[in-house]
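Listed below are the residues making up each chain.
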Amino acid sequence: MISPTNWNNVPFRDATAWADFVGTHWLWHRAVAEHVRRTTGVSYRVYPIGDGGGSQWLYAVQRTYENAFAALGLSPPSDLSSYDLNDPEEFASYTFLLSQTASRLREAAGVN
């Protein structure tokens, strides 16, 4: 499975890289959710991610991580929904935090 640490390298305003990331991110969550279900018997909702960006997308990402962390008995993840992805500094902070949050989930789920 792809390492989420790569997600902190998504280039700002690169539409192709962003589309690749959004699709990969959603597929990654589906695989982690299936792994968690098989190994723990606990299912959690993976929200539709859509095309990425905007407040609804940020909300879906936040809720998906909250659901995953709760399914594994972890404390809630950091806020992933209050970023302006049109600002280069916030985008960089967001992708870094997202990669760290996903790495924490991956480790807790026991996904290699």
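In case you missed it, the structure is sitting above this.
Residues numbered from 1 in each chain as written. Predicted model: local features only at pLDDT ≥ 70, side-chain atom pairs only at ≥ 80, totals over all residues. Heavy atoms only, no water.

> So what exactly am I meant to see when it comes to the packing of helix H1 (residues 15-40) against helix H2 (residues 54-71) here?
Axes are the key here: two packed helices are described by the angle between their axes and the distance separating the axes. Following both chains from N to C, one finds H1 and H2 inclined at 30°, their axes separated by 12 Å at the closest point. One way to sum up the angle between H1 and H2 is to call them roughly parallel. Note that H1 runs across H2; the crossing there is left-handed. Of the residues in H2, those touching H1 at Trp 18, Phe 21, Val 22, His 25, Trp 28 and His 29 are Trp 57, Val 61, Thr 64 and Tyr 65. Partitioned by chemical class, the residues of the contact of H1 with H2 number seven nonpolar, three polar and no charged. (Axes fitted to C-alpha atoms, helices over the stretch in contact; angles between N-to-C directions. Helix = DSSP H or I, 4+ residues; strand = E, 2+ residues; numbered from the N terminus. Parallel < 35°, antiparallel > 145°, perpendicular 65-115°, else oblique. Left-handed = near helix turned anticlockwise from the far one by under 90°. Contact = heavy atoms within 4.5 Å. Nonpolar A, V, L, I, M, F, W, Y, C, P; charged D, E, K, R; others polar.)

> Got a minute to help me understand the pattern of salt bridges in this structure?
Where side chains of opposite charge bring their charged atoms close, a pairing between them can arise. Tallied over the full model, the rule gives three salt bridges. When the shortest N-O distance is used, the salt bridge between Glu 34 and Arg 37 registers 2.5 Å. Note that Glu 34 and Arg 37 are positioned in helix H1 at a spacing of three residues, about one turn of the helix. Residue class for Glu 34 comes out partly exposed when judged on its relative accessible area of 32%. On the accessibility criterion, Arg 37 (38% relative accessible area) is partly exposed. A cluster of three or more residues bridged by salt bridges with shared partners is formed by Glu 34, Arg 37 and Arg 38. (Salt bridge = Lys/Arg side-chain N within 4 Å of Asp/Glu carboxyl O. Buried < 20%, exposed > 50% of the residue type's maximum accessible area, 1.4 Å probe, protein only.)

> What am I meant to see in the packing of H1 against helix H3 (residues 88-109) here?
It is at 11 Å that the axes of H1 and H3 come closest, and there the two elements cross at 20°. When the axis of H1 is compared with that of H3, the two are roughly parallel. Like other packed secondary-structure pairs, H1 and H3 cross with a definite hand, here left-handed. Contacts from Trp 18, Phe 21, His 25, Trp 28, His 29, Val 32, His 35 and Val 36 in H1 reach Phe 91, Leu 98, Ala 102, Leu 105, Arg 106 and Ala 109 in H3.

> Would you mind showing me how to read H3 here?
An α-helix turns once per 3.6 residues; consequently, residues spaced three or four apart project the same way. In a regular helix each residue adds 1.5 Å, so 22 residues correspond to 32 Å; H3 covers 31 Å between its end C-alpha atoms and thus fits that length. Turning to H3, its buried residues number three or more, namely Phe 91, Tyr 94, Thr 95, Leu 97, Leu 98, Ser 99, Thr 101, Ala 102, Ser 103, Leu 105, Arg 106 and Ala 109. Buried-residue contacts for H3 involve H1 and H2. The N-terminus of H3 is capped by Asp 87, whose side-chain oxygen sits 2.9 Å from the backbone nitrogen of Glu 89. Positive backbone phi, approximately 75°, marks Gly 110, located one or two places after H3. (Expected span 1.5 Å × (residues − 1). Polar contact = N/O pair within 3.5 Å; in protein donor to acceptor, adjacent residues only side chain to side chain.)

Read these as geometric descriptors, not functional statements.
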